[in-house]
Amino acid sequence: MNVSSAELRAAPGPTAVVTGVGAYLPPRRVTNAELCSRLDSSDAWIRERIGIEERRRADAAMSTGDLALEAARRAMRSADVADVDTLVLATTTPDHHCPATAPAVAHRLGLRDAVAFDVTAGCAGFVHASAVAAGLISAASARKVLVVGAETMSAIIDSDDRSTAPLFGDGAGAVVLEAGAGKQDGSLGPFVWGSDGSLADAIVIPAGGARERDRRDSAPAGDFFVHMRGNEVFRHAVRRMSQAARDAVKAAGWTLDEVDRLIVHQANGRIGASVADALGIPPERTPSNIAHVGNTAAASVPLLLAHAADEGQLKPGHRVLVVAFGSGLAWAATTLVWPPGITAEL
């Protein structure tokens with residue numbers, strides 16, 4: 001069941017307004033040709049099936065926290081703010097199982113005593129984290145929130161797995177949300193989000209957690225990497241994102257015909273195109289960067305926002321629909337009118 005934040009609060013407080021956006025990609029590009037030198041695949045197959053030409057890889061000295069730090073700095077410069085009171089980091093690849101990565105990022109940003117915590121919802125993580133941030137702002141528990149999506153997916157991908165190695169990339173994106181009044185441009189609309197734990201094993205790392213702790217020494221090496229049932233994930237991703245998107249547009253008081261830009265999680269090229277087609281939104285209104293960055297999981301949505309803004313595909317006044325889907329299984333959608341004066345920091 002999709003749940004809308006509009007149904008959960010009768011008298012909303014301040015709204016969460018996007019005031020800055022930033023992105024960071026590690027410099028190393030990994031082409032299909034490089035991957036295919038060790039995989040039973042081809043450049044043509046990868047381009048046709050998942051729509052990716054290259055992806056970025058962090059080197060061994062660069063962690064998720066490092067990626068998050070760079071994106072966060074750029075978002076703060078974009079928003080022209082020197083401080084925030086809260087940092088929410090969406091990631092499936094934290095620097096450590098314990099502690100959370102967000103407090104260390106906040107410390108490195110010089111945010112003294114800031115509230116900082118991680119959110120884990122797979123590729124839907126950034127939109128989930130934004131919903132949490134918007135709730136904190138609405139409750140007057142925060143006024144400036146830095147929401148970051150950052151992933152070092154190469155740390156949890158088997159480089160010999162034909163189904164996952166070509167798909168995922170590393171990177172980070174971030175936005176600054178500030179308390180605003182009313183429905184000013186940049187205000188995040190009602191959130192529609194949910195999860196279905198009956199399909200938790202559709203995208204899973206079988207070993208390494210508390211559930212499988214008795215197999216730490218005996219589990220196959222491959223069980224410490226992501227396993228995914230691709231066809232099943234495809235079906236649920238398209239269905240859940242399409243429905244969440246429709247519900248978010250309805251909650252915003254819009255129609256799908258009024259959506260100027262669809263920002264859909266870059267899961268793979270076919271999933272994004274299928275969601276747009278199901279919603280009746282033409283390709284020219286659906287920006288995409290998956291060809292050059294791959295599926296960056298929780299970083300996908302903020303990276304696409306930053307790239308679309310930088311390329312002029314997001315213009316002031318555009319009605320923007322944002323939707324994502326990830327492990328859990330989890331999904332989320334929201335809306336906003338793109339505000340004036342934002343220059344993406346890349």
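Quick caveat: nothing in here was measured; it's all calculated off a predicted structure. (Residues numbered from 1 in each chain as written. Predicted model: local features only at pLDDT ≥ 70, side-chain atom pairs only at ≥ 80, totals over all residues. Heavy atoms only, no water.)

(A) Expanded view of helix α5 (residues 125–138). Here α5 spans 20 Å end to end across 14 residues, near enough to the 20 Å set by a 1.5 Å rise per residue. If you check which residues of α5 are buried, you get G125, F126, V127, H128, A129, S130, A131, A133, A134, I137 and S138. One or two residues past the end of α5 sits A140, with phi positive at roughly 65°. (Helix = DSSP H or I, 4+ residues; strand = E, 2+ residues; numbered from the N terminus. Expected span 1.5 Å × (residues − 1). Buried < 20%, exposed > 50% of the residue type's maximum accessible area, 1.4 Å probe, protein only.)

(B) Seen up close, the nonpolar core. Core analysis: the largest hydrophobic core is formed by 47 residues, its most contacted members being M241, L262, I271, L321 and V323. Those elements that place two or more of their residues in this core are α1 (32–36), α2 (43–50), α6 (230–252), β12 (261–264), α7 (269–279), β13 (319–326) and β14 (330–337). Those residues in contact with I271 that sit more than four places away from it in its chain are F234, A237, V238 and M241. Judged by nonpolar contacts, the second largest core, of 45 residues, contains A134, L177, I263 and A299. (Core = buried A, V, L, I, M, F, W, Y, C linked by side-chain atoms within 4.5 Å. Contact = heavy atoms within 4.5 Å.)

(C) The sheet that holds strand β5 (residues 86–90), seen in detail. The mixed open sheet is built from five strands, whose spatial order is β2-β8-β7-β5-β6. Since the sheet does not close on itself, it has two edges, and those belong to β2 (15–24) and β6 (115–119), each with one partner. Looking at each pair of strands side by side, their axes are set apart by 20° on average, direction ignored. Strand direction decides the pairing type here: β5 and strand β7 (residues 144–151), joined by five bridges, are parallel. Within β7, the residue paired with A90 across the bridge is G149. Packing of α5 onto the sheet brings it into contact with β2, β5, β6, β7 and β8 (171–180), and relative to β7 it is tilted by some 170°. (Pairing = 2+ DSSP bridges. Axes fitted to C-alpha atoms, helices over the stretch in contact; angles between N-to-C directions.)

(D) Expanded view of the environment of R47. Looking at the secondary structure, you find R47 in helix α2. Here R47 falls in the partly exposed class, since its relative accessible area comes to 40%. Separated by 111 residues in sequence, R47 and D158 place their C-alpha atoms 20 Å apart. In this view, R47 contacts N32, I52 and E53; residues no more than four positions away in its chain are not counted. Reaching out from R47, the side chain makes a polar contact with the side chain of D43 at a distance of 2.8 Å. (Polar contact = N/O pair within 3.5 Å; in protein donor to acceptor, adjacent residues only side chain to side chain.)

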